[in-house]
Structures are given as structure tokens and as C-alpha cells.
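Examining the three-dimensional arrangement
Here are the chains, one letter per residue:
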Amino acid sequence: MCGIAGIVSLGAAPAPGREALLRMAGALTHRGPDELGLYRDDAAGLAHARLSIIDLASGQQPMADALRTTWIVFNGEIFNYLELRAELSALGHRFRTRSDTEVIVQAWHAWGERAFERFNGQWAVALWDSVARRLVLARDPTGICPIYLCQHGGQLHFASEVKAIFAANASIPRAFDAAGIEQTFTFWSVVPPQSVFQGIEELRPGHLRIYQAGSFKEKCFYSPSYGGFSGSLEDAVTEVRAKVEAATALRMLRADVPVGSYLSGGLDSSYVAALGRQSAGERFQTFSLRFADAEYDETSYQRLVAKQLGAEHHEVVVSRADIAEAFPHVIWHTERPILRTAPAPLFLLSKLVRRHGIKVVLTGEGADEMFAGYDLFREGKVRRFWARQPQSARRPRLLERLYPYLARSPVAQQAMARQFFGRNLGAHASPGFAHDTRWHTTGALKRVLTPAMRSGRDPVAELLADLPAPFAQWTPLAQDQYLEKRTLLAGYLLSSQGDRMLMAHSVEGRFPFLDRNVIALANSLPDSYKLRVLDEKHVLKRAAADVVPAEILARKKQPYRAPDAAALINATYIDDLLSPPALRDAGVFEPQPVMQLVRKCRSRTDGQFSNADNMALVGILSTQLLHQQLIAGLPAIRTNLSLRTDVDLTQLKEAA
């Protein structure tokens, strides 16, 4: 994983400035501390900050084709690059490096826009054709690698992170976008192409954009499909085991540096770590979070797996004070408001990884989305079952099997649970039904927004109006999975908890469950293989049974969580950031309800906060931090950079 950036003139604008490109590169050095590079001509400039993983000796970027007319900056990995290289070599293409970067360039020359359909990996790519004056931007189907866009002053600015765009030109406006704020306080995240900043877009996962002659066209190169698997459950177990094993081995072996693994103590990370161990050499390092709060701690399960694997195991213990201290740094990297503190411990975990000399880690992210592991999917199934007999007293009792890990579970009191989950049962056949309770609960937080931050748009209606054509033919579970991937997976789990926390300390995450072949198989399986009655990830549990301890398979699911309001309510910076003057300056939240929320949270002596209060406090504080860091001010960016690659064709033109 790396950092990429660039500026392209869309019309008669002047050539991109060298200093602007240096500032963009300087803003991304945490993503790529190993090497920096620039390319510039009279119409485009590219910048790259490299984290060296593959072809350490000759994989420098920006990289060109043999004619030096097509230039690329690339963030990510194409895991099937050796297979593609062999195919391209058979077509007559010649290679000068051993990198996957050069494979992308040659694949573009061979197959054009269809090249991206062949990639199995995670990527954000920018290709500049200096002859045709054409820029191609593309992003992987699940949205692992970020890329942002901004048109300003006749130029297109793009970068892996928004701060690099802001660093390029002080005249680029910096302000919150009301629609992005409303999406965040509904879905927990923005949904691309929307961002939380005015004038900034995020390229949608699975899409490419082609800029030429002052305009652009956008195409989708990946569309999911569901169903089609005709084998038995045993056949599915065999196929899942084979695909996940192959995906993990690919991510272990396609690296010229050691690969470690996160280990949470749950099924997904334990399975990935066990498979990773099979492909590792003598030394295999695993990394875990421990919590000072027993409610969140999974130490015993983590150590059980690490011992079975014979791994060199490392732990970091995280307290509430640690979360409070890290939180401002977390928001600097997320570049968006968040409603949970869960990214903060992951920020500290990636710091631990880097301290032990590891640049790449496997994680179990994506298994819950692909194999129906969340309580939300079980909740949707129960509520639909209940909706067919809404007067039944027995059917809603199934809700008691949900959310056992929450101290203040919404199913703890029957009367309250029936009211909460019984909302809108008549819409059980409508898109978004399973997500309705979450979106409704989170959406209530918008009551604290100022009138200026109320766009008048309906985030849910807009999302449901932008569904793929086959959506109506998918099963209810497939619909639920698609919406979860479209919102929470891409926008929060792979971004705020994933890429941003990993790259904050120059660590690349690899996700076997988001392998192209694993996704296709999981999507094809019958619902009953994934969610068998109310047994989540049934087929995955059976596939993992040979290598994961029985104690892990049998334990009740405990999603990764961290202390929220309890960790932040006494942070040293909270009073300044949530003071009426600071709130009025940011213009996002009404001071009065925020003051009431703070008083309410501080009055709790038992440390237990409602779900709504947790999300509200974290969301408001993170938004205020974001305003302070990226809107009200922008810290100085390094420009005294040492460049490994420095190509400036504007000088040649001036000399001519």
C-alpha cells in the first residue's frame, strides 16, 4: 500500500506546479515512507509515496511504459500479477521489472478498460497517457484502497487522502458538506461518491473514470451477482475451504517482506492466522488487542490460538485513557467523523506491528459481510419471520438470541424489544428493511445538527434509489448483504478501521475474505449455507473446523468493540472542542443539545451509556476535531523531500 496523488489540467490551466506536487507527496509520507517520486509534464503531474512490499529494487513510481508515454502511480497490490504477467508475455509484452505495477500498465495496453476486471487484489490506480492527454482512475471492487477527487481552478486534483488535496492549493475551499454529514449520521459513514467535504468526491468502488478533453466518463467494471451454487452443503464446505486457503496463501507468498497476522480471538482472524501459518517460514508473528475493560477483552481466546499456531505473539493493552489520547490522531487519519472509538485501539495495534518490523498483516475483515456473520442479518430474518404473523407472541422471542455481548442489549427487556424491533414490520418486503432499525436509530442523532447542516435530502431514499437492476430478484439475505457492503464495509470498516489505521503507521492490510474468488463463491451460496436457521457463518465454521480450535468455533460471537463515551467524556480536550464558541465556529451542531448531552454523560456514575449517547458523543467530538484539523487549520506539510524518482518533462519543453 502506498500514497498516490496528482494534478491534471482540464483545459487551458497552467502546468501543475512542482511545489504543489511536493506538498501532496509530503502529506502522504506516512502511507509510503520508503521512497518518494514525482512526474510532471505541461498538462499533468503525478506524485507517489512508496511502501515497498513487492520488487523492492526496481518497483519505483511514477513508472512508465517502454515508450515513456504512459505513466502510472498505484496504491495496493495485484495478487494475481504473476499469472497476468505470464499471459501478457505470451501476447508479446516485455517487462523490465518484477513489480505488479508494470503488469497494470501492460494490462492496460493489452486490454484497455477490461483490464481491471482481471485483477484480483486491492488497488487505486492513476494512469496518465501523455500523448492522448488522458487520465484513467480506477478503484478496487470492495473499496479497500481510497482515492479522492476535486476539481478546482481548471485542474483535477486526486489523492489517496483528502489532506493531500488540501495541501496542494490553499485556495481550495475547505468546508463540510451537509449531505455528507447527514449520511454519516445515518449510515455511520458516507457512501461514495459523497464525501463530508464540499467539492471533494470519492471514487466509487469497482468504478473507473476517464478524463480527457476537459470532461470525464465513469464506468462500473464490477457488479455483484448472487445465487447459482448447485452443490450440497458438504460441497460448499469443500469449496469454501479451498478458496479461502488459496486466497490466504496468495497474500502470504506475494510479498518480498515478512507477513504477520492480526488475531482478535474470533473465528475469522483465527482461521486466517491458521492458514497464514501454513504458508509462513519458521517465524510467524501475530498481533492482538487487549482491553483494560473486561467487557471488551478477548485475551484468553487470542492466546489459545497463538499457542496452537506456535506464533510469536505480541499484545498491546488499551485503556480508556489510551483511547482518549489517541483519538485526535485517529481523526487526523480517518478524515471523516466516526460514531465509534473502535478505530483508536486499531491505531495503537498497527503501531505495535510496525514497531516489530512488520509491514504487512492479514486480517479477517470481510468474513461477516460475505458469509452473513452479523446479528443484523439474523435480526432481519427474525423480523421478517415475525412480520408474517405480527400478532404472534412466540416469534419475537427469537430476538432474545441476538446481541448477547451488549451490556445494554436492545433485547434485554421484552416490552421494549418488541416496540423497538416491531417498528415498520409492514415493510418487511421493502429494500433496506433489515437495516431500518439501525438507520432509524442513528438518524435520530441528526436532531443536534444546525439548520445549515440539514440538506433537506433523505440519505436512505437516495441510497435505495441507486440500487443495481438485479437487486429486486435477490433473496432478502442477499439484499441485506449488499447494503451492508455498500455502506458499512466500504465506508467504515475498510476505511476508518482499516486502511487509515493501518497506513497511519505504514502497515499494509491484506484481506483473504475479500479475494475476488472468495467473494464470488460466497455470493453464489444458498442463504441456508451461510445463515442456517440462526447459526451465522455456518459453512465457514465447518470449513475452518480442521485448523481452528473447537473453543473458538463454539464461542458466542463477540464483535470487535471498544469503550466509547466512557473513554472520551473526561478527555482533556473535550471542553474546548465542545464549548459553545467552538461549536458555533464549526457550524455543524447546536450548542444547547450538545451541552445537555455532555452533562448527561458526565452524570453517569456506572460508566454505562446508551447506544444513542455513545454514538452522539463520539460523532460530535470527532466532527469537531475534524473541523479543527482540516477546515479551521491545516498543519505545515513537509516539502524538503528526497526523491528517488524525479521526472520533469516541462524542462525539456522549455529547452526546446
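Throughout this description, residue numbers start from 1 for each chain and increase along the sequence as written. For this predicted model, a pLDDT threshold of at least 70 governs which residues receive local features, and a threshold of 80 or more governs which side-chain atom pairs are given and counted, while totals over whole chains, interfaces and linings are taken from all residues. Side-chain descriptors were evaluated using all non-hydrogen atoms of the structure, hydrogens and water having been removed beforehand.

**Looking at the overall build of the protein chain**
We apply this condition: Numbered from the N terminus, helices here are DSSP runs of H or I no shorter than four residues, and strands are runs of E no shorter than two. Note on method: radius of gyration uses C-alpha positions; expected globular size equals 2.2 Å times residues raised to 0.38. Exposure is judged per residue with a 1.4 Å probe applied to protein chains only, and the accessible area is read against the type maximum: over 50% gives exposed, under 20% gives buried, and values in between give partly exposed.
Secondary structure summary: the protein chain contains 27 helices and 18 strands in total. In summary, the protein chain has a C-alpha radius of gyration of 24 Å against a globular reference of 26 Å for 656 residues, a match within 12%. Its C-alpha atoms give the protein chain principal-axis dimensions of roughly 85 × 60 × 50 Å. Counting every position in the protein chain, which comprises 656 residues, the buried fraction comes to 62%.

**Section: the nonpolar core**
Applied cut-off: Side-chain atoms within 4.5 Å link the members of a nonpolar core, which is a set of buried Ala, Val, Leu, Ile, Met, Phe, Trp, Tyr and Cys residues.
Phe116, Leu137, Phe158, Phe197 and Phe371 are the most contacted members of the largest nonpolar core, which has 206 residues in total. It is helix H26 (residues 611-631) that provides the largest number of residues to this core, a total of 10 residues. Core analysis: the next-biggest nonpolar cluster, separate from the first, contains 10 residues, Phe187, Val191, Trp474 and Ala478 among them.

**Comments concerning the sheet that holds strand E8 (residues 148-152)**
Note the cut-off: What makes two strands pair is DSSP finding at least two bridges between them. Residues are treated as being in contact if the distance between any of their heavy atoms lies within 4.5 Å. Structural elements are reduced to axes, namely lines fitted to C-alpha atoms, with helices fitted over the stretch in contact, and the angle between N-to-C directions of any two is expressed from 0 to 180 degrees.
Strand order in the open sheet formed by seven strands is E10-E8-E9-E1-E3-E2-E18, and the pairing between neighbours is mixed. One side of each edge strand has no neighbouring strand; the edge strands of this open sheet are strand E10 (201-202) and strand E18 (645-648). Where E8 lies against strand E9 (residues 155-159), five bridges are found, and the strand directions are antiparallel. Residue pairing in the sheet places His152 in a bridge with Gln155 of E9. Across the face of the sheet, helix H1 (residues 18-26) comes into contact with strand E1 (3-9), strand E2 (35-40), strand E3 (44-50), E9 and E18 while running at roughly 150° to E2.

**Here we look at the packing of aromatic side chains**
Basically, it comes down to this: To pair, rings of Phe, Tyr and Trp, with the six-membered ring standing in for Trp, must have centres within 6.5 Å; the planes then decide the type, stacked if under 30 degrees apart, edge-to-face if over 60, and tilted in the middle. Whether a charge lies above a ring is judged from NZ of Lys or CZ of Arg, which has to be within 6 Å of the ring centre and within 35 degrees of the ring normal.
Applying the stated criterion across every chain yields a total of 21 aromatic pairs. Each ring, one from Phe116 and one from Phe221, has its centre 5.7 Å from the other, and the planes form 35°; the classification is tilted. Remark: Phe221 occurs in the loop between strand E12 (215-220) and helix H6 (233-253) and Phe116 occurs in the loop between helix H3 (100-111) and strand E6 (121-129); sequence separation between them is 105 residues. Judged on exposure class, the residue Phe116 and its partner Phe221 are both buried. With a centroid separation of 6.0 Å and an interplanar angle of 55°, the aromatic rings of Phe291 and Tyr296 are classed as tilted. This pair shows no difference in class: Phe291 is buried, exactly as Tyr296 is. Within the aromatic cluster, the residues linked to one another by ring pairs are Trp108, Phe116, Phe119, Trp123 and Phe221. One Lys or Arg, Arg209, reaches over the ring of Phe216 and ends 4.2 Å from the middle of that ring.

**What to know about the sheet that holds E12**
Pairing is antiparallel in the open sheet, where six strands are placed in the order E4-E5-E6-E7-E11-E12. Where the open sheet ends on each side, the last strands, each with one partner, are strand E4 (63-64) and E12. In this sheet, strand E11 (residues 207-212) lies alongside strand E7 (residues 134-139) in antiparallel orientation, the contact comprising five bridges. The partner of Leu137 across the bridge, within E11, is Arg209. Lying on the sheet, H3 is in contact with E4, strand E5 (70-78), E6 and E7; it crosses E5 at an angle near 120°.

**Considering H1**
Within the sequence span of H1, burial applies to Ala20, Leu21, Leu22, Met24, Ala25 and Gly26. Packing partners of the buried residues in H1 comprise E1, E2, E3, E9 and helix H4 (162-168).

**Examining the pattern of salt bridges**
To keep it simple, the criterion reads: By definition, a salt bridge exists where a carboxyl oxygen of Asp or Glu is found within 4 Å of a side-chain nitrogen of Lys or Arg.
Summed over the entire model, instances satisfying the criterion amount to 51 salt bridges. A salt bridge links Arg209 to Glu218, with the shortest nitrogen-to-oxygen separation between them at 2.6 Å. Residue class for Arg209 comes out buried when judged on its relative accessible area of 4%. Using a relative accessible area of 31% as the deciding quantity, one classes Glu218 as partly exposed. Through salt bridges that share partners, Arg31, Glu161, Lys163, Glu335, Asp499 and Arg500 make up one connected network.

**Overview of helix H2 (residues 81-90)**
Put simply, the rule reads: Throughout, the arc means the angular range of directions from the helix axis out to the C-beta atoms.
Turning to H2, its buried residues are Tyr81, Leu84 and Leu88. Here the buried residues of H2 occupy an arc of 60° about the axis, which is enough to place them on one side. Buried positions along H2 lie against E5 and H3. Note on H2: the residue one or two positions beyond its end, Gly92, has a positive phi of about 105°.

**A closer look at the packing of H2 against H3**
Stated formally: When an angle is under 35 degrees it counts as roughly parallel; over 145 it counts as roughly antiparallel; between 65 and 115 it counts as roughly perpendicular; any other value is oblique. Handedness of each helix crossing follows the sense of rotation of the near helix against the far helix: counterclockwise by less than a right angle gives left-handed, clockwise gives right-handed.
Two numbers describe how H2 lies on H3: the axes approach to 10 Å, and their chain directions differ by 45°. If you check the angle between H2 and H3, you find them oblique. Two packed elements cross with a definite hand, and for H2 against H3 that hand is left-handed. Of the residues in H3, those in contact with Tyr81, Leu84, Arg85, Glu87 and Leu88 of H2 are Asp100, Val103, Gln106, Ala107, Ala110 and Trp111.

**Notes on the side chain of Asp55**
Heads up, the rule is: The definition of a polar contact used here is a pair of N or O atoms within 3.5 Å, where within protein one atom must be able to donate a hydrogen and the other to accept one, and adjacent residues in sequence count solely through side-chain atom pairs.
Following the sequence through the fold, Asp55 ends up in the loop between E3 and E4. The exposure class assigned to Asp55 is buried, which follows from its relative accessible area of 0%. Reaching out from Asp55, the side chain makes a polar contact with the side chain of Ser58 at a distance of 2.6 Å. Excluding its chain neighbours within four sequence positions, the residues that come into contact with Asp55 are Arg50, Thr97, Arg98, Ser99 and Asp256.

**What about the pairing of E3?**
If a strand is regular, its side chains alternate between the two faces of the sheet. Among the seven residues of E3, seven are classified as buried, and the element is accordingly described as predominantly covered. Residues Ala44, Leu46, His48 and Arg50 line one face of E3 and the alternating positions Gly45, Ala47 and Ala49 line the opposite face, and both faces are buried. Here E1 pairs with E3 via six bridges, running antiparallel. Residue Val8 lies in a different strand from E3, and its bridge partner there is Ala44. Alignment of E2 against E3, held across six bridges, turns out to be antiparallel.

**Concerning the packing of H6 against helix H7 (residues 267-279)**
Closest axis-to-axis distance for the H6/H7 pair is 9 Å, and the angle between their directions is 60°. Taken together, H6 and H7 sit at an angle that is classed as oblique. Considering how the two elements wind past one another, H6 and H7 form a crossing that is right-handed. Between H6 and H7, the residues in contact are Arg241, Val244, Glu245, Thr248, Ala249, Met252 and Leu253 and Tyr271, Val272, Leu275, Gly276 and Ser279, respectively.

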